[in-house]
Amino acid sequence: MIFGAFARKKFNTLVLAAIAALGLAVQPASAQDFRDNLSDVETNPAAQDAAAAVGEDTSLTAEETVTDTSGFDYYGPEMILGEPTASDEDIWASMTFQPQYTDNGEYALWMHDALLLPIITVISLFVLGLLLWVIAKYRRKANPVPSKTSHNTLIEVIWTVVPVIILVVIAVPSITLLARQYQSPPEDAITIKANGYQWYWGYEYPDNGGFEVISNMMPEEDAIAAGLPPQLAVDNRMVVPVGVPLRIQTFGADVIHAFGIPSLWFKLDAVPGRINEKMLTINEPGIYYGQCMELCGARHGYMPIAIEARPLAEFNEWVQTQPGGMTRAQIEAQAASEAAAEDAASASAEAEDAADAEDEAEGEAEAEADTAEADAA
Ligand SMILES: [Cu+2]
């Protein structure tokens, strides 16, 4: 055997063994590290000082929490629809996609389950079978004199045409899905702007009075006490109406974040200096969990997203519990009354102008008459 080939083979085996060993050693250690970091922030005074130095967002959180004691009845854990499954709960569900609650998500999941997965499985098994067949049938012992066959037109046509057909079959739903994801929202869609901050989310409602809800991760003990999933539960959820098109805009206030909710088939980068926009229509009322999906710094893993989708009437109720929050109907009514007041004001101003003009004309006429009289005299 040539030395180079031998060394490469040994080296590959070594690398594989090393990776396997590392994987085993690192996994529990890193999980422990995360716990340590978490308790660090809670017990370590230096970490607390650092948190206090940020200051601004702590006070905002307090303020928002106060406004939320307005008596609005938020959904409890029984309404959670979109969340990851642990492997000890259901090993299969932990490895595949979450159930989907948007039309695009259902379509994408169908494409994966009914089209891609079967095709991949068949191709993999077919190639594996071919390999085994070649290994068995064309081994050196059974073929002391190697065959010198080359070129077979029929086989070459088949192995060109069949993959082309497979790719075309995949391309049709794939491009359809892409086009559906780029559909722009209708003009009357409700706009909600998700702002990514280091390291929490702010949800702005420009169509409902412009208030912003600041959303921080709930402390682990509080989440567990409330029966909510730790590290996904938040203090203030992003409340949205269900069944109506939403114009979700994302923006990064400091670095690039990404607004991602797996069960809604939604992911959009939040980039500083630009606004990204995508339509979202949620089909069922419930709670949907997501996370920041772009590495954005030290606490990137601790800025979860929680969406609470409510029927439109309940959404409107919630909007009015927020500081300066107004429903669309209220905003339209206000705009209409303002316009009416303006019209009335301009009408009275016009009337005054007209009266002034009349007075002036009269005065002029009198003056003219006077001069005429004087001339005559
Ligand atoms: Cu982030």
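Please read all numbers here as calculations on a predicted model, not as lab measurements. (Residues numbered from 1 in each chain as written. Predicted model: local features only at pLDDT ≥ 70, side-chain atom pairs only at ≥ 80, totals over all residues.)

## Observations concerning the overall build of the protein chain
A count of helices and strands for the protein chain gives nine helices and 11 strands. Here the protein chain holds 377 residues, and the buried ones make up 20% of them. A separation of at least 24 residues holds for 66% of the contacts in the protein chain among residues at least 6 apart in sequence. (Helix = DSSP H or I, 4+ residues; strand = E, 2+ residues; numbered from the N terminus. Buried ≥ 20, exposed ≤ 12 C-beta atoms within 10 Å, placed from the backbone. Contact = placed C-beta atoms within 7 Å.)

## Side note on helix H5 (residues 103-137)
Its 35 residues give H5 an end-to-end C-alpha distance of 50 Å, which sits within 8% of 51 Å, the value for a rise of 1.5 Å per residue. Burial runs low along H5: only one of the 35 residues are buried. (Expected span 1.5 Å × (residues − 1).)

## Regarding the nonpolar core
In terms of nonpolar packing, the biggest core is built from 49 residues, with Val240, Tyr288 and Ala306 touching the most fellow members. Each residue touching Val240, except ones within four places of it in the same chain, is listed here: Ile192, Leu246, Ile282, Ile307, Ala309 and Phe315. (Core = buried A, V, L, I, M, F, W, Y, C linked by C-beta atoms within 7 Å.)

## Some details on the UniProt feature "transmembrane region" (unreviewed entry) in the protein chain
Following the UniProt record, one finds the feature "transmembrane region" (unreviewed entry) at residues 115-136 and 157-179. For the annotated span residues 115-136, helix accounts for 100% and strand for 0% of the residues, and the straight-line distance between the end C-alpha atoms is 32 Å. (UniProt positions renumbered as here; feature names shortened; annotations may be inferred.)

## Quick notes on the packing of H5 against helix H6 (residues 153-181)
Contact geometry for H5 and H6: axes closest at 11 Å, N-to-C directions at 165 degrees. Considering the angle they form, H5 stands roughly antiparallel to H6. Here H5 and H6 pass one another in a crossing that is left-handed. Touching Asn104, Tyr107, Ala108, Met111, Leu115 and Ile119 of H5 are Ile166, Ile170, Pro173, Leu177, Arg180 and Gln181, all from H6. Class assignment of the residues belonging to the contact of H5 with H6 gives a composition of nine nonpolar, two polar and one charged. (Axes fitted to C-alpha atoms, helices over the stretch in contact; angles between N-to-C directions. Parallel < 35°, antiparallel > 145°, perpendicular 65-115°, else oblique. Left-handed = near helix turned anticlockwise from the far one by under 90°. Nonpolar A, V, L, I, M, F, W, Y, C, P; charged D, E, K, R; others polar.)

## Let's talk about the pairing of strand S2 (residues 190-197)
Most of S2 sits out of view: seven of its eight residues are buried. Bridge analysis of S2 against strand S6 (residues 246-252) gives seven bridges, and the strand direction is parallel. Counterpart to Asn195 in the pairing with S6 is Phe251. Pairing geometry for S2 and strand S3 (residues 200-204), over five bridges, is antiparallel. If you follow Gly196 over to S3, its bridge partner there is Trp201. (Pairing = 2+ DSSP bridges.)

## Regarding the sheet that holds S6
Sheet strands line up and pair through hydrogen bonds in the backbone, either parallel or antiparallel. Read across the sheet, five strands follow the order S4-S3-S2-S6-S9 without closing on themselves; strand pairing throughout is mixed. The sheet terminates laterally at strand S4 (212-215) and strand S9 (276-280), the two strands that pair on one side only. Strand-to-strand, the axes of this sheet are offset by a mean angle of 25 degrees, without reference to chain direction.

## Focus on the environment of Glu187
For Glu187, the location among the structural elements is in the loop between H6 and S2. The sequence separation of Glu187 and Arg247 amounts to 60 residues, and the corresponding C-alpha distance is 9.2 Å.

## A closer look at the environment of Gly71
With respect to the helices and strands, the residue Gly71 is situated in the loop between helix H3 (56-67) and strand S1 (80-82). When the C-alpha atoms of Gly71 and Trp318 are compared, they prove to be 9.6 Å apart, with 247 residues separating the residues in sequence.

## Section: the confidence of the model for the protein chain
The predicted model of the protein chain averages 83 in pLDDT, with 76% of residues at 70 or higher. In this model, residues 1-7 is a region of pLDDT below 50 whose contacts with residues beyond four sequence positions or in other chains number one contact. (pLDDT = per-residue confidence, 0-100.)

## Section: the pairing of S6
In the case of a regular strand, side chains alternate between the two sheet surfaces. For S6, the buried fraction is high: seven of the seven residues fall into the buried class. With burial as the criterion, each face of S6 is covered, one bearing Leu246, Ile248, Thr250 and Gly252 and the other bearing Arg247, Gln249 and Phe251. Inspection of the sheet shows S6 paired to S9 by five bridges, in the antiparallel sense. Looking at S9, one finds that Arg247 is bridged to Met279.

## Observations regarding unusual backbone geometry
Note that the residue after Gln198, namely Trp199, is joined by a cis bond; omega there is 0 degrees. With respect to the element layout, Trp199 can be found in the loop between S2 and S3. A positive phi angle is found at Trp265, which is not glycine, with a value near 50 degrees. Secondary-structure assignment places Trp265 in the loop between strand S7 (257-261) and strand S8 (266-270). Of the residues examined, Trp265 has 23 C-beta atoms within 10 Å and is grouped as buried.

## Overview of the environment of Ser184
Its place among the elements puts Ser184 in the loop between H6 and S2. When the 11 C-beta atoms within 10 Å are taken as the criterion, Ser184 is described as exposed.

## Considerations on helix H8 (residues 312-319)
Every buried residue of H8 is listed here: Phe315, Trp318 and Val319. Around the axis of H8, the buried residues are gathered within 100 degrees of arc, so they sit on the same side. Where H8 is buried, its residues touch strand S5 (238-241) and strand S11 (304-310). (Arc of directions from axis to C-beta.)

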